[in-house]
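What the coordinates show
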Amino acid sequence: MIITIDGPSGVGKGTIARITSESVGFNYLDSGAMYRALALFADLHGIQKEDDKRLKKLLIDFHIRFIKEDGKEKVFINSDDVTEDIRTNEISTLASKFAVNETIRGVLRQMQRRLVKNKNYVAEGRDMGTYVFPGAEYKFYLDADPAIRANRRALQLKEMLGININETKVLEEITKRDKLDMTRSVCPLHPADDAVIIDTSILSIDDVVKKVESVVKNNA
Ligand code: DC
């Protein structure tokens, strides 16, 4: 069974998806981490998002693995631990830019479908309920006011990487990223027609988790 959770940056989908996956005993797919890892990998090789020829070659050597260590989900590209490297603001922006490339989306989509095949997953991202798993049993779309999302992102960066970042700058970046993610021609971010939309602006994490769980339990 697949539960999808989509939405814009900083809306709290990662936290909600992780908690929900634990409470229902499902695996967790962080599709954004795949776009981030690919952007980092391409950048390290000096490859631009338009360079389809080199990107195709690079994708052959791109093996992403999610490994749980001491209760923490770690992300590896081949044998390198990139868990923290993919969370910087620079990589957020770069991931969004690479995510417009159709070749990349096609390959990552196949990887995502292969990963969840015949398993139970909470899949989180931008296009999980719309383009990757249109037949998912439960779909959620989380949204929140951009200023609130910027505040959450700034707190998250501080907690995860110890980085103090100017919230106004984060808001600018989030607004740019929203625009790019929502207006790209391939698989743009939008709610699936059959998604339950939750505005998390004034809700606590616990409130949102309870809402998600109640939809799943009431329809199980
Ligand atoms: O969820 P995130 O912030 O980790 O995602 C980083 C970028 O990756 C996001 O701005 C757009 C892209 N992305 C995507 O296009 N499709 C997904 N399913 C997940 C992420």
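One can find the structure itself at the top, above this paragraph.
Read on for an overview of the structure.

Rules and cut-offs
- Residues numbered from 1 in each chain as written.
- Predicted model: local features only at pLDDT ≥ 70, side-chain atom pairs only at ≥ 80, totals over all residues.
- Heavy atoms only, no water.
- 1 Å grid on protein atoms, 1.4 Å probe; cavity = no way out; pocket = protein on both sides within 12 Å on 5 of 7 lines; lining within 4 Å.
- Points joined across faces, edges and corners; volume = space filled by probe spheres on them.
- Helix = DSSP H or I, 4+ residues; strand = E, 2+ residues; numbered from the N terminus.
- Axes fitted to C-alpha atoms, helices over the stretch in contact; angles between N-to-C directions.
- Parallel < 35°, antiparallel > 145°, perpendicular 65-115°, else oblique.
- Left-handed = near helix turned anticlockwise from the far one by under 90°.
- Contact = heavy atoms within 4.5 Å.
- Nonpolar A, V, L, I, M, F, W, Y, C, P; charged D, E, K, R; others polar.
- Buried < 20%, exposed > 50% of the residue type's maximum accessible area, 1.4 Å probe, protein only.
- Pairing = 2+ DSSP bridges.
- Near = heavy atom within 4 Å.
- Polar contact = N/O pair within 3.5 Å; in protein donor to acceptor, adjacent residues only side chain to side chain.
- Areas by Shrake-Rupley, 256 points an atom, 1.4 Å probe, with all protein chains shown as cover.

On inspection of all chains with the given rule, the structure shows 2 cavities of 30 Å³ or more. Surrounding the largest cavity, Asn89, Ser92, Thr93, Arg153, Val170, Glu173, Ile174 and Arg177 form its lining. Of all elements in the fold, only α4 (89–98) and α8 (167–183) reach the threshold of two or more residues within the lining of the largest cavity. No other element matches the 4 residues that α8 contributes to the lining of the largest cavity.

Here we come to the packing of helix α3 (residues 52–60) against helix α5 (residues 102–116). Where α3 meets α5, the axes come as close as 10 Å, and the angle between the chain directions of the two elements is 20°. In terms of orientation, α3 and α5 fall into the roughly parallel class. For the element pair α3 and α5, the recorded crossing hand is right-handed. Contacts between α3 and α5 pair Asp52, Leu55, Lys56 and Leu59 from the former with Thr103, Ile104 and Val107 from the latter. Here the residues of the contact of α3 with α5 are counted per class, giving 4 nonpolar, 1 polar and 2 charged.

Once that is clear, we can look at the pairing of strand β6 (residues 121–125). Among the 5 residues in β6, 5 count as buried, and that is most of the element. Of the two faces of β6, the one lined by Tyr121, Ala123 and Gly125 and the one lined by Val122 and Glu124 are each fully buried. As judged from the 5 bridges shared by strand β1 (residues 2–6) and β6, these two strands associate in the parallel manner. Opposite Ile5, over in β6, you have Glu124 as the bridge partner. Bridge count between strand β2 (residues 27–30) and β6: 4 bridges; the pairing is parallel. Bridging from a neighbouring strand, Asp30 pairs with Glu124 of β6.

Taken together, 16 residues lie around the ligand, and Arg36, Arg105, Arg126, Asp127 and Arg177 are the ones closest in. Here Ser31 contributes a side-chain N or O atom positioned 3.0 Å from a nitrogen atom of the ligand. In this structure, Arg36 approaches the ligand through a side-chain N or O atom, which is 2.6 Å from an oxygen atom. In the complex, 97% of the free accessible area of the ligand, which totals 450 Å², lies under the protein chains. Broken down by secondary-structure element, the contributors of at least two residues to the shell around the ligand are α2 (31–44), α4 and α8. When grouped by side-chain class, the residues that make up the shell around the ligand number 4 nonpolar, 4 polar and 8 charged.

Interpretation in functional terms is not warranted from these geometric data alone.
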